[in-house]
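Breakdown of the fold
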Amino acid sequence: VDVELSQLKVIKANNFRGADELKYFLARFNGISSIESETFFQAPKLKFILLQFNQISNIHAQAFKGLDVLEALYLDDNRITTLSEYTLDYLPSLLHFSMSFNNLTSIPNNLFMKTTRLETLNLGHNLLQHFNETQFNSLPNLERVHLDHNNFKKLDLVACKSSEINVDGNDLEVIELNKWTKKI
């Protein structure tokens, strides 16, 4: 379903009644402000959700409950400041997660605990100052990490096995990678 540029303000669970075969939901460039609990529960075969360029500031901890096969979630260019540590718990098949250009100030310690298949993580262009090094412990398949243009002074990425890590645009003084430390 493509509802881009549709002036959509709200999405609710009952919007997906009878959508049990839906695989793609594209809702970029709307005015959506929040994602409620179990919003997509009636669309269990969703694989791809695009919610970029909206006004999302609130995501309920169980917003993505029931999306066991979701592979890609894009929430870029919104107004998100915080996430619950349970936000991604219902997404065991997630491969690509992007939240660039938001107002995130922190990432909950266990946010990625159940997304063990994650390959791409984009948290660039936020207000992040701290990223717990244990975040990567449950992400053995992570290939690309974007933490660019945040407010990091120190980053410990020793546990990150990614082959591509972008941290430009930060005020880094210390970065720890692959068991070596570089003072900048």
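1. Details of the overall build of the protein
Summing up its helical and strand segments, the protein has 0 helices and 12 strands in all. Along the protein, helices and strands appear, N-terminal first, in the series β-β-β-β-β-β-β-β-β-β-β-β. Over its C-alpha trace the protein gives a radius of gyration of 17 Å, about what one expects of a compact globule, namely 16 Å for 184 residues. With respect to the three principal axes, the spread of C-alpha positions in the protein is 55 × 30 × 20 Å. Within the protein, contacts between residues separated by at least 24 positions form 45% of all contacts whose residues are at least 6 apart in sequence.

2. Focus: the sheet that holds strand S3 (residues 48–50)
A sheet is described by the order of its strands in space; here 7 strands give the open sequence S1-S3-S5-S6-S7-S8-S10, paired in parallel fashion. One side of each edge strand has no neighbouring strand; the edge strands of this open sheet are strand S1 (24–26) and strand S10 (164–166). Averaged over all pairs of adjacent strands, the angle between their axes in this sheet comes to 5°, without regard to strand direction. Bridge count for S1 against S3 is 3 bridges, and the pairing is parallel. Considered in S3, the bridge of Tyr24 is made with Phe48.

3. Let's talk about a nonpolar patch on the surface
Taken together, the side chains of Leu5, Phe29 and Phe53 define a hydrophobic patch exposed on the protein surface, amounting to about 300 Å² of accessible area. You can see Leu5 is positioned in the segment before S1. The class for Leu5 is exposed, based on a relative accessible area of 67%.

4. Description of the pattern of salt bridges
Pairing between side chains of opposite charge can happen when the charged atoms of each approach one another. A full pass over the atoms with the stated rule returns 8 salt bridges. For the salt bridge of Glu143 with Arg144, the shortest nitrogen-to-oxygen distance reads 3.3 Å. The exposure class of Arg144 is partly exposed, given its relative accessible area of 27%.

5. Quick look at the packing of aromatic side chains
Scanning all chains against the criterion turns up 9 aromatic pairs. Ring geometry for Phe29 versus Phe53: centroids 4.5 Å apart, planes at 5°, classification stacked. Taken together, the residues span a long stretch of sequence, with Phe29 in the loop between S1 and strand S2 (34–35) and Phe53 in the loop between S3 and strand S4 (58–59) at a distance of 24 residues. Taking 6.4 Å as the distance between ring centres and 70° as the angle between the ring planes, the aromatic pair formed by Phe97 and Phe112 counts as edge-to-face. One end of the pair, Phe97, is in strand S6 (residues 96–98); the other, Phe112, is in the loop between S6 and strand S7 (120–122), and 15 residues separate them in sequence. Across this residue pair, the class does not change: Phe97 and Phe112 are buried.

6. Concerning unusual backbone geometry
Despite not being glycine, Phe29 has its phi angle at roughly 55°, a positive value. Residue classification places Phe29 among the partly exposed residues on the basis of a relative accessible area of 35%. A positive phi angle is found at His149, which is not glycine, with a value near 55°. Summarising the element assignment, His149 is placed in the loop between strand S8 (144–146) and strand S9 (154–156).

7. Digging into the environment of Phe48
Take Phe48: it is sitting in strand S3. Look at Phe48 and you get partly exposed, because its relative accessible area is 24%. Along the sequence, Phe48 and Leu22 sit 26 residues apart, while their C-alpha atoms lie 9.6 Å from each other. Beyond its immediate stretch of four places on either side in the chain, Phe48 contacts Lys23, Tyr24, Phe25, Leu26, Leu70, Ala72 and Tyr74.

Cut-offs used in this document
Residues numbered from 1 in each chain as written. Predicted model: local features only at pLDDT ≥ 70, side-chain atom pairs only at ≥ 80, totals over all residues. Heavy atoms only, no water. Helix = DSSP H or I, 4+ residues; strand = E, 2+ residues; numbered from the N terminus. Rg over C-alpha atoms; globule rule 2.2 N^0.38 Å. Contact = heavy atoms within 4.5 Å. Pairing = 2+ DSSP bridges. Axes fitted to C-alpha atoms, helices over the stretch in contact; angles between N-to-C directions. Patch = residues over 30% accessible without salt bridge, like charges linked within 9 Å, V, L, I, M, F, W, Y side chains within 5 Å. Areas by Shrake-Rupley, 256 points an atom, 1.4 Å probe, with all protein chains shown as cover. Salt bridge = Lys/Arg side-chain N within 4 Å of Asp/Glu carboxyl O. Buried < 20%, exposed > 50% of the residue type's maximum accessible area, 1.4 Å probe, protein only. Phe/Tyr/Trp six-rings, centres within 6.5 Å; stacked < 30°, edge-to-face > 60°.

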